[in-house]
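These are the residues of each chain, in order.
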Number of protein chains: 2
Amino acid sequence: MSAFDVNKMTPLSEAARRPARAQSPCQACTVRHLTVCAPLNDQEVQEVAAISQNVEMSPGDPLFDEGERASQVYNVTAGTMKVYKLLSDGRRQVTGFLFPGDFLGLANNDTYAYSAEAVTHATLCRFPRAKLDKLLERYPKMEKRLLSIASHELAVAQEQMLLLGRKTAKEKIASFLLTLSERAESRGQTGNPVSVPMSRTDIGDYLGLTTETVSRTFTNLRGGGTIALRNGGKVEILDVDALHDVAQGD
Amino acid sequence: MSAFDVNKMTPLSEAARRPARAQSPCQACTVRHLTVCAPLNDQEVQEVAAISQNVEMSPGDPLFDEGERASQVYNVTAGTMKVYKLLSDGRRQVTGFLFPGDFLGLANNDTYAYSAEAVTHATLCRFPRAKLDKLLERYPKMEKRLLSIASHELAVAQEQMLLLGRKTAKEKIASFLLTLSERAESRGQTGNPVSVPMSRTDIGDYLGLTTETVSRTFTNLRGGGTIALRNGGKVEILDVDALHDVAQGD
DNA sequence: TAGCTGCCTTGATGTACGTCAACCTAACTG
DNA sequence: CAGTTAGGTTGACGTACATCAAGGCAGCTA
């Protein structure tokens, strides 16, 4: 184990504390996500799986804080996580929500650039960075895969900058719902009705709004017949075209 | 030459149109930027330099547009570039300014995710993507370098999201000036007074403000004795500590 | 069933920043 | 040198969203 142990500051389940090396359930995620664009052979997959451990989180559990030594890399296998940055006075910007298949802590420098926390119950696959780096040395195609992931995240971040800097509250919410829906479908889940597992506060901190404005805007879209709010944090998109129009501002 | 030729839609100087392969001045940039974290030997440097061409831009010249086939990668060798995204009604978000040493067009998918344009006279080093990819296959350490660059850009993007979503106009301007100053110093230029080569409109589109608000905020900071506006688009930071305090919101 | 507690909604009011418009200056141009 | 143009600044006014405040409603616990 490395000097930094995530268990020290995060309440994890017993399952997570056990060094689940041998029968690590993370083989699934490794195979699925690291190999999509860079297929590894069985032996390589085994090697990657061997260095991973399972982590379980409850809603609100912190995974790591901005500025901490970034000794672990994570892959979300179930549930929803959020990453955010804080100003000294407590203002918060959620920079992203993470769903199964997404990576966490890929920063190149040795400290995390943001804090990470569970939104729902979630399970993660944890890789010690040092060991992962060693594997990357041997398998350049995995590195290529990581570069591809980072590039994609960068494009997503730029889209979010456009949203934060130039869109109205209504456009922000519409864009947010459409993105959530598309991401759900790309994971093979249902995109309509779309599951919205995070609180109004989290949505506001993601879109640069207050909870009140988020709430009012949902109400507004509902009143216009564009969406309907269902039980269990689900939003049904009644008029996809209209929602797209709203998101683009026309 | 590839099917897509940047010359077709961008007014470039005669020097840029010439296939300056043999005596490409881009050796300098290649050596400097691609090798900082992944030193190449002389032969490797030659190979990289061999596939590069020099490009010159005048203020306002477009380099490429969002959605175009991304067949080229660029490295800025002199001057300032900007990259931006547009909404259908013309609202604009500048997602970044690029200075010597910065890369452009590193997106993994085959179209550019943003448009790029010259802010000042600028020179760029152009690499055909296909050839660069081939080199990357052979030299994994270059790929590592690119991953490191992408990760750093991602961290910068997240910081910008915090700014766009949660900072006031005054905090935005103060943060902007400090960042410009730090970047100038990291390039070996003078950080104070700092050169601010872009227009108020560009600054506004970068910070999610209007030109009027940018102008008023500069005036406000000047009135408070924190900065002074000098000739030639230079800003002198009179009280660095105060500017830091403003940027953080305390 | 009552009493919490956390999240959401809704209303009344405030304000930071946008919008509209005038003017100023510097750099071109004939 | 007058005329023109493109930034930049400043002022008056409007508004989208924040702030402050009061309920509503589900999910706990006793």
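Predicted model, so just to flag it, every value in this text is computed and none were measured.

Undergrad: Even after reading the chapter, I still don't get a negative patch on the surface, so can you show me in this structure?
TA: Residue and element names in this part refer to chain A. Together, Asp239, Asp241, Asp245 and Asp250 give the surface a local cluster of negative charge. Its location among the elements puts aspartate 239 in the loop between β11 (234–237) and α9 (240–248). Note on aspartate 239: relative accessible area 34%, which makes it partly exposed.

Undergrad: Mind showing me how you'd approach the protein's contact with DNA strand C here?
TA: Taken together, 15 residues lie near DNA strand C, and A:Arg200, A:Ser215, A:Thr219, B:Thr213 and B:Arg216 sit nearest. Counted by atom, the contact set of DNA strand C within 4 Å of the protein is 57% sugar and phosphate. Between a phosphate oxygen of DNA strand C and a main-chain N or O atom of B:Ala169, the distance comes to 2.8 Å. Between DNA strand C and B:Arg216, the relevant distance is 2.8 Å, taken from a base oxygen to a side-chain nitrogen or oxygen of the residue. Element by element, the count of residues in the surface near DNA strand C is highest for helix α8 (residues 211–223) of chain A, at four residues. Of the residues in the surface near DNA strand C, the class split is three nonpolar, seven polar and five charged.

Undergrad: Please clarify how the relation of the copies chain B and chain A should be interpreted in this entry.
TA: Between the two copies of the chain lies a rotation about an axis combined with a shift along it. Superposing chain B onto chain A takes a rotation of 180 degrees combined with a translation of 0.0 Å along the rotation axis, leaving an RMSD of 0.0 Å. Accordingly, the operation relating the two chain copies is best matched by a two-fold axis. In this assembly, 100% of the residues forming the interface of chain B have copies in chain A that are likewise at the interface, indicating an isologous arrangement.

Undergrad: Looking at this structure, how should I read the packing of aromatic side chains?
TA: The description of two aromatic rings rests on the distance between their centres and on the angle between their planes. Following the criterion strictly, the structure yields 12 aromatic pairs over all chains and no others. With a centroid separation of 6.3 Å and an interplanar angle of 55 degrees, the aromatic rings of B:Phe97 and B:Phe176 are classed as tilted. Of this pair, B:Phe97 sits in strand β5 (residues 92–98) while B:Phe176 sits in helix α6 (residues 169–186), and the two are 79 residues apart along the sequence. With respect to burial, B:Phe97 and B:Phe176 carry one shared label: buried. By the ring-pair criterion, three or more aromatic residues cluster together here, those being A:Phe64, A:Tyr74, A:Tyr112 and A:Tyr114. One residue, A:Arg92, lies across the ring of A:Tyr84, its end atom 5.3 Å from the ring centre.

Undergrad: Mind showing me how you'd approach the protein's contact with DNA strand D here?
TA: The environment of DNA strand D is formed by 15 residues, the closest being A:Thr213, A:Arg216, B:Arg200, B:Arg216 and B:Thr219. The sugar-phosphate portion of DNA strand D accounts for 61% of its atoms within 4 Å of the protein, the bases making up the rest. A:Glu212 is positioned such that a nitrogen or oxygen atom in its side chain is 3.0 Å from a base nitrogen of DNA strand D. In the environment of DNA strand D, a phosphate oxygen lies 2.3 Å from a nitrogen or oxygen atom belonging to the side chain of A:Thr213. Of all the elements in the fold, those that place two or more residues in the surface near DNA strand D are α8 of chain A together with α8 (211–223) of chain B. Of all the elements, α8(B) adds the most residues to the surface near DNA strand D, at four residues. Classifying every residue of the surface near DNA strand D gives three nonpolar, seven polar and five charged.

Calculation criteria
Residues numbered from 1 in each chain as written. Chains lettered and ligands numbered in written order. Predicted model: local features only at pLDDT ≥ 70, side-chain atom pairs only at ≥ 80, totals over all residues. Heavy atoms only, no water. Patch = residues over 30% accessible without salt bridge, like charges linked within 9 Å, V, L, I, M, F, W, Y side chains within 5 Å. Areas by Shrake-Rupley, 256 points an atom, 1.4 Å probe, with all protein chains shown as cover. Salt bridge = Lys/Arg side-chain N within 4 Å of Asp/Glu carboxyl O. Lys, Arg positive; Asp, Glu negative; His and termini not counted. Charge placed at Lys NZ, Arg CZ, Asp CG, Glu CD. Helix = DSSP H or I, 4+ residues; strand = E, 2+ residues; numbered from the N terminus. Buried < 20%, exposed > 50% of the residue type's maximum accessible area, 1.4 Å probe, protein only. Near = heavy atom within 4 Å. Polar contact = N/O pair within 3.5 Å; in protein donor to acceptor, adjacent residues only side chain to side chain. Nonpolar A, V, L, I, M, F, W, Y, C, P; charged D, E, K, R; others polar. Least-squares fit on C-alpha atoms with pLDDT ≥ 70 in both. Contact = heavy atoms within 4.5 Å. Phe/Tyr/Trp six-rings, centres within 6.5 Å; stacked < 30°, edge-to-face > 60°. Lys NZ or Arg CZ within 6 Å of the ring centre and 35° of its normal.

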